[in-house]
Amino acid sequence: MESDKKRIAIIGAGISGLMACKYTLEKGFNPIVFEARSGIGGVWSQTIESTKLQTPKDFYQFSDFPWPREVKETYPDHTQVLEYLHAYALHFSILPRIKFNSKVTCIDYVTSSTADLHSWDLWGGSGEPFSPWGKWCLTVRDGRNPSASAPTDQVYQVDFVILCTGRYNDLPNIPDFPLNKGPEVFNGKVLHSMDYAAMDDDVAADLIKEKLVTVIGFQKSAVDIAAEVANKNGATHPCTLLFKTAHWIVPEYLLPLVFQGLNRFTELMVHKPGEGFFIWLLAMLLSPLLWIFSMSIECYLKYMYPLKKYNMVPTHRFLKQISSCMFTVLPANFYDRIKDGSLFLKKSQSFSFCRNGLIVQGKSKPLLSDIVILATGYRSEEKLKNMFSSTLFQKCIAESSAPFYRECIHPQIPQLAILGYADSPAILYSTEMRSKWLAHFLAGNFRLPTISKMEEDVMEWEKYKRRDEKESYRRSCVSTLLQIYCNDQLCKDMGCNSRRKNWFLAELFAAYGPKDYKDLS
């Protein structure tokens, strides 16, 4: 295979796009990266002032490019993270490969084969990354002049596409409201957390200054924004955090304990897809230890913080929250702001808008607000679906709840991989492993199994996760408690040794991190 003659397009220059570019370059390819914005970093390039890592930096670093020594903090802030990403891109000569202000509006698969794609037994017809029968056409819009009456589009034809568009940007999830009960009747300002995060820090501070702000939600962005607004406005103009479901919020000092617990011994307590009787029995015997761990964390959090007083005791187990990728870190001084009246917490199953604020279920008086920030998540699957011009591929994305094969390959969509979509407590770590795996595949070091075998594998994963998570199941989060197990599968595909420690006890009880997979040849 002549690698330098195969055209690979990478869509997005966030962390997954940077790693996809780096590892395909190492395999001799000449990738081209399309980035809609003017800089790299993805979500890290547009975030609120107080944002910092929610993962200890030892688990959020590139395997072969450690954090600079001058970064002493366990949880660097967003400016430090962005500088780290820039240093990585410069060190591995990634920046010259990126076409900035180039938004890919759609991708279309063009095939010369008369056979129906769904009649193929092997992915792409051959089980290999590059097919002699098809190519992708990318429509790319020049974003340097967004006000132009006739936008400039250019079409690129490539042999393989790597989608690195992420989950937390571009297409916000806006709740539906009954007629005359939505934002249109509100005299104040309504915006999504995405728009608030995109503002310059001084513009955002000026927007909320001396305003009554209500933040909707209880995930990471909601809690962070509410804490930031409360810190800036104080008790004279208190912020309200309105939420439907409470989640466990973990203080920073507990996180290293959680991450150190993600080792092979812990994974013996977790049921796995396709496990044999002995592994099933072992998980049954050891699983009470996980329950004890979960209960211990819950009891500690309820003892340390006034959860019951503020109606913030979750109804789900702490362990379930981790396995569902719903991980939120406690902002600094969060409960101090509640205590001094700068931040109010209100729990409600529903709300609607009125002229001067919000109508909260069960309350006779409106919740007065000048600004409402909807931290209600993103429609990531719809964004992914909308990338394809083909209705066939759109249905492949939208009509399946099963995860992707190895969390990055759809069995029915040839010559394409998706990186950065699979969620994880340490997203850089898990995405880098899949970037390495994908680069090995593109280089021809292994072939994919048949389409039916891949579909059996993803359905087995879906069955396993639905049994445990039930209504909390998301196909983008399937391997949180089985990170090492999944890495073992990737290593086996690549023909690499999956045992990365020097001795037995370390292999069993030491946490695995990015540095353990530095050299995968």
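Residues numbered from 1 in each chain as written. Predicted model: local features only at pLDDT ≥ 70, side-chain atom pairs only at ≥ 80, totals over all residues. Heavy atoms only, no water.

**What about the nonpolar core?**
In terms of nonpolar packing, the biggest core is built from 147 residues, with Trp 136, Leu 138, Leu 241 and Phe 334 touching the most fellow members. For this core, the element with the most residues is helix 13 (residues 427–442), which contributes eight residues. The two domains that each donate at least three residues to this core are domain 1 (7–169 + 379–517) and domain 2 (183–374). Within the second largest apolar cluster, ten residues are counted, among which are Ile 216, Leu 358, Leu 367 and Leu 374. (Core = buried A, V, L, I, M, F, W, Y, C linked by side-chain atoms within 4.5 Å. Buried < 20%, exposed > 50% of the residue type's maximum accessible area, 1.4 Å probe, protein only. Helix = DSSP H or I, 4+ residues; strand = E, 2+ residues; numbered from the N terminus. Domains from an automatic or database assignment.)

**Structural notes on the pairing of strand 1 (residues 8–11)**
Of the two faces of strand 1, the one carrying Ile 8 and Ile 10 and the one carrying Ala 9 and Ile 11 are both buried. Pairing of strand 1 with strand 7 (residues 160–163) involves four bridges; the strand directions are parallel. Looking across to strand 7, one finds that Ile 8 is bridged to Phe 160. Of the strand pairs in this sheet, strand 1 and strand 2 (residues 32–34) are connected by three bridges, and their pairing is parallel. If you follow Ile 10 over to strand 2, its bridge partner there is Val 33. Once the chain exits strand 1 it traverses helix 1 (residues 15–26) before rejoining the sheet at strand 2, and the crossover so formed is right-handed. (Pairing = 2+ DSSP bridges. Right-handed = clockwise from strand over helix to strand, strands pointing away.)

**Some points on the side chain of Thr 328**
Secondary-structure assignment places Thr 328 in strand 12 (residues 328–329). Taking relative accessible area as the criterion, Thr 328 reaches 1% and is therefore assigned buried. If we ignore the near neighbours within four places in the chain, the residues touching Thr 328 are Gln 54, Phe 218, Gln 219, Lys 220, Val 223, Trp 248, Ile 249, Val 250 and Gln 321. (Contact = heavy atoms within 4.5 Å.)

**Here's the deal with the packing of helix 1 against helix 13**
Where helix 1 meets helix 13, the axes come as close as 9 Å, and the angle between the chain directions of the two elements is 35 degrees. Crossing hand, helix 1 versus helix 13: right-handed. Seen from helix 1, the contacting residues are Ile 15, Ser 16, Met 19, Ala 20, Tyr 23 and Thr 24; seen from helix 13, they are Ile 427, Leu 428, Thr 431, Glu 432, Ser 435, Lys 436, Ala 439 and Leu 442. Considering only residue class, the contact of helix 1 with helix 13 consists of eight nonpolar, four polar and two charged. (Axes fitted to C-alpha atoms, helices over the stretch in contact; angles between N-to-C directions. Left-handed = near helix turned anticlockwise from the far one by under 90°. Nonpolar A, V, L, I, M, F, W, Y, C, P; charged D, E, K, R; others polar.)

**Things to note about the environment of Ser 348**
Among the secondary structure elements, Ser 348 is positioned in the loop between strand 13 (343–347) and strand 14 (351–354). On a C-alpha basis, the gap between Ser 348 and Phe 243 in space is 6.1 Å, while along the polypeptide they are 105 residues apart. With sequence-adjacent residues up to four places away left out, Ser 348 is seen in contact with Leu 242, Phe 243, Lys 244, Val 360 and Gln 361. At 2.7 Å, the side chain of Ser 348 and the backbone oxygen of Ser 350 are in polar contact. (Polar contact = N/O pair within 3.5 Å; in protein donor to acceptor, adjacent residues only side chain to side chain.)

**Here's the deal with the sheet that holds strand 7**
Taken together, five strands build an open sheet; the order of strands is 3-2-1-7-18 and the sheet is parallel. Among the strands making up the open sheet, the edge pair consists of strand 3 (98–99) and strand 18 (416–418). Relative to strand 3, strand 2 runs parallel, the two sharing two bridges. Counted as the bridge partner of Phe 34 is Lys 99 from strand 3. Seen against the sheet, helix 13 touches strand 1, strand 7 and strand 18 and runs at an angle of roughly 175 degrees to strand 7.

**A word on the UniProt feature "transmembrane region" (unreviewed entry) in the chain**
Feature annotation in UniProt assigns "transmembrane region" (unreviewed entry) to the following positions: residues 277–301. End-to-end, the C-alpha atoms of residues 277–301 are 36 Å apart, and along that stretch the chain is 100% helix and 0% strand. (UniProt positions renumbered as here; feature names shortened; annotations may be inferred.)

**A look at the domain arrangement of the chain**
Each assigned domain of the chain is listed with its residue range as follows: domain 1 (7–169 + 379–517) and domain 2 (183–374). With centres defined by C-alpha atoms, the gap from domain 1 to domain 2 works out at 27 Å. Of the residues lining the interface, 42 residues belong to domain 1; the matching set on domain 2 comes to 35 residues. Taken together, the two surfaces of domain 1 and domain 2 that pack against each other cover about 3,600 Å², and 59% of this comes from carbon and sulfur. Of all residues in domain 1, Ile 48, Gln 54 and Leu 481 give up the largest surface area on contact with domain 2, accounting jointly for 22% of the area buried on that side. A salt bridge links Lys 52 to Glu 252, with the nearest nitrogen and oxygen atoms 2.8 Å apart. Summed over the shared surface of domain 1 and domain 2, the result is 18 residue pairs in polar contact (both at pLDDT 80 or more). If you list the elements that add at least two residues to the side of domain 1 that touches domain 2, you get helix 14 (451–469), helix 15 (483–494) and helix 16 (504–509). If you tally residues by element for the side of domain 1 that touches domain 2, the top one is helix 14, at six residues. Tallied by class, residues from the side of domain 1 that touches domain 2 come to 18 nonpolar, twelve polar and twelve charged. (Buried area = accessible area lost by both parts, 1.4 Å probe. Salt bridge = Lys/Arg side-chain N within 4 Å of Asp/Glu carboxyl O.)

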